[in-house]
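A look at the structure
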Amino acid sequence: MPSNTDFIQIADSALAKAYAQAGEWMACKPGCHQCCIGVFPISALDADRLRTALLQADPEKRARIEQRAIGSRDFLTPDFPGNRYTGELFTEPHHEHAFEDFANEEPCPVLDPETGTCDLYSARPMACRTFGPPMPNDEGGLAVCELCFAGAPASEVARCAVDAGFLDLEAEALAAGQRDQLTLIAFALTDSPASHRR
């Protein structure tokens, strides 16, 4: 089974191929950050990569990210659809429904508000990596960013679809480590809410 680093290399290779095939159809570029607004679940592997990258960031950047993450977590905690202390999402049956309208306008704490770019780009979660190019979805179709492939025929979208076999590798790695818990970026990068006020 590939390591977390190997897995990312496999994923990035498949995504790079899709980007190359798509060419001008892809609107994604530095500063475009529509997909960085609104919270989304991340895996334990995503959380590990983000925490490692945060520890390796230069002190000033790390302090800025931590400050934004603490502010975001404090904002999200009161209505958090899960365990607000551990950061685990969906611990009760009604939480998934509650998540549909939860914090859809909250910016990602790793997003630099001045540049509109990701401060931990190389460690970004899988959802960030795969958002944009045509990705197979659970309904058997292809999900694609609304800004990309504007006016493209369905055949062109299908031609540029990502070979998403790497997602099976991620699922296997998570299952093997019994790490199927989901969280949010703000919770992955901070301790419990009480620790913010020490």
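Here, every reference points to the structure presented above.
Attention here is on the structure that accompanies the text. Nothing here was measured: the structure is a model prediction, and the numbers come from that model.

**Thoughts on the overall build of the protein chain**
If you tally the helices and strands in the protein chain, you get eight helices and four strands. The order of α-helices and β-strands along the protein chain, N terminus first, is α-α-α-α-β-β-α-β-β-α-α-α. Computed over the C-alpha atoms, the radius of gyration of the protein chain is 17 Å, within 12% of the 16 Å expected from 2.2 N^0.38 for a compact globule of 198 residues. Expressed along its principal axes, the backbone C-alpha trace of the protein chain runs to roughly 55 × 35 × 35 Å. Of all 198 residues assigned to the protein chain, the portion counted as buried reaches 40%. Counting every atom, the protein chain has about 11,200 Å² of accessible surface; 52% of that belongs to carbon and sulfur. Taking the average place of the 16 positive charges on the side chains of the protein chain and the average place of its 30 negative ones, the gap between the two points comes to 7 Å.

**Concerning the packing of helix H1 (residues 4–22) against helix H2 (residues 44–56)**
Packed helix pairs are characterised by how far apart their axes lie and by the angle those axes make with each other. Where H1 contacts H2, the two axes come as close as 11 Å, and the packing angle between them is 100°. In this view, H1 runs roughly perpendicular relative to H2, as classed from their interaxial angle. Residue-level inspection shows Asn4, Phe7 and Ile8 of H1 in contact with H2, the latter providing Leu45, Asp48 and Arg49.

**Thoughts on unusual backbone geometry**
Non-glycine residue phenylalanine 90 carries a positive phi angle of around 60°. Relative to the helices and strands, phenylalanine 90 resides in the loop between helix H3 (59–76) and helix H4 (95–99). Even without a glycine there, the phi angle at phenylalanine 149 is positive, about 60°. Structurally, phenylalanine 149 is set in the loop between strand E4 (142–143) and helix H6 (154–159). Of the residues examined, phenylalanine 149 reaches a relative accessible area of 6% and is grouped as buried.

**So, the pattern of salt bridges**
On inspection of all chains with the given rule, the structure shows five salt bridges. Note that aspartate 48 and arginine 51 form a salt bridge whose closest N and O atoms lie 3.0 Å from each other. Of this pair, aspartate 48 and arginine 51 both sit in helix H2, three residues apart, which is roughly one turn of the helix. A salt bridge links glutamate 156 to arginine 159; the nearest nitrogen and oxygen atoms lie 2.7 Å apart. Of the two residues, glutamate 156 and arginine 159 are both situated in helix H6; the distance of three residues between them amounts to about one turn of the helix. By relative accessible area, glutamate 156 is classed as buried at 18%. Of the residues examined, arginine 159 reaches a relative accessible area of 42% and is grouped as partly exposed.

**Observations regarding the nonpolar core**
Ile42, Leu50, Ile65, Val110, Leu120, Ile185 and Leu189 are the most contacted members of the largest nonpolar core, which has 16 residues in total. Listing elements by their share of this core, those giving two or more residues are H2, H3 and helix H8 (185–188). In terms of residue count, H2 provides more of this core than any other element does, four residues in total. When near neighbours in sequence (up to four residues on either side) are disregarded, leucine 50 contacts Ile42, Leu120, Ala123, Pro125, Ile185 and Leu189.

**Notes on the side chain of threonine 190**
Among the structural elements, threonine 190 can be located in the segment after H8. What makes threonine 190 buried here is its relative accessible area of 13%. Side chain to side chain, threonine 190 and arginine 73 meet in a polar contact 3.1 Å long.

**Side note on helix H7 (residues 166–176)**
Turning to H7, its buried residues number three or more, namely Phe166, Glu170 and Leu174. Projected onto a plane normal to the axis of H7, the buried residues spread over an arc of 85° and lie on a single side. Opposite the buried face of H7, at more than 90 degrees from it, the exposed residues are Ala175 and Ala176. The elements touched by buried residues of H7 are H1, H2, helix H5 (126–130) and strand E3 (135–136).

Rules used in this analysis
- Residues numbered from 1 in each chain as written.
- Predicted model: local features only at pLDDT ≥ 70, side-chain atom pairs only at ≥ 80, totals over all residues.
- Heavy atoms only, no water.
- Helix = DSSP H or I, 4+ residues; strand = E, 2+ residues; numbered from the N terminus.
- Rg over C-alpha atoms; globule rule 2.2 N^0.38 Å.
- Buried < 20%, exposed > 50% of the residue type's maximum accessible area, 1.4 Å probe, protein only.
- Areas by Shrake-Rupley, 256 points an atom, 1.4 Å probe, with all protein chains shown as cover.
- Lys, Arg positive; Asp, Glu negative; His and termini not counted.
- Charge placed at Lys NZ, Arg CZ, Asp CG, Glu CD.
- Axes fitted to C-alpha atoms, helices over the stretch in contact; angles between N-to-C directions.
- Parallel < 35°, antiparallel > 145°, perpendicular 65-115°, else oblique.
- Contact = heavy atoms within 4.5 Å.
- Salt bridge = Lys/Arg side-chain N within 4 Å of Asp/Glu carboxyl O.
- Core = buried A, V, L, I, M, F, W, Y, C linked by side-chain atoms within 4.5 Å.
- Polar contact = N/O pair within 3.5 Å; in protein donor to acceptor, adjacent residues only side chain to side chain.
- Arc of directions from axis to C-beta.

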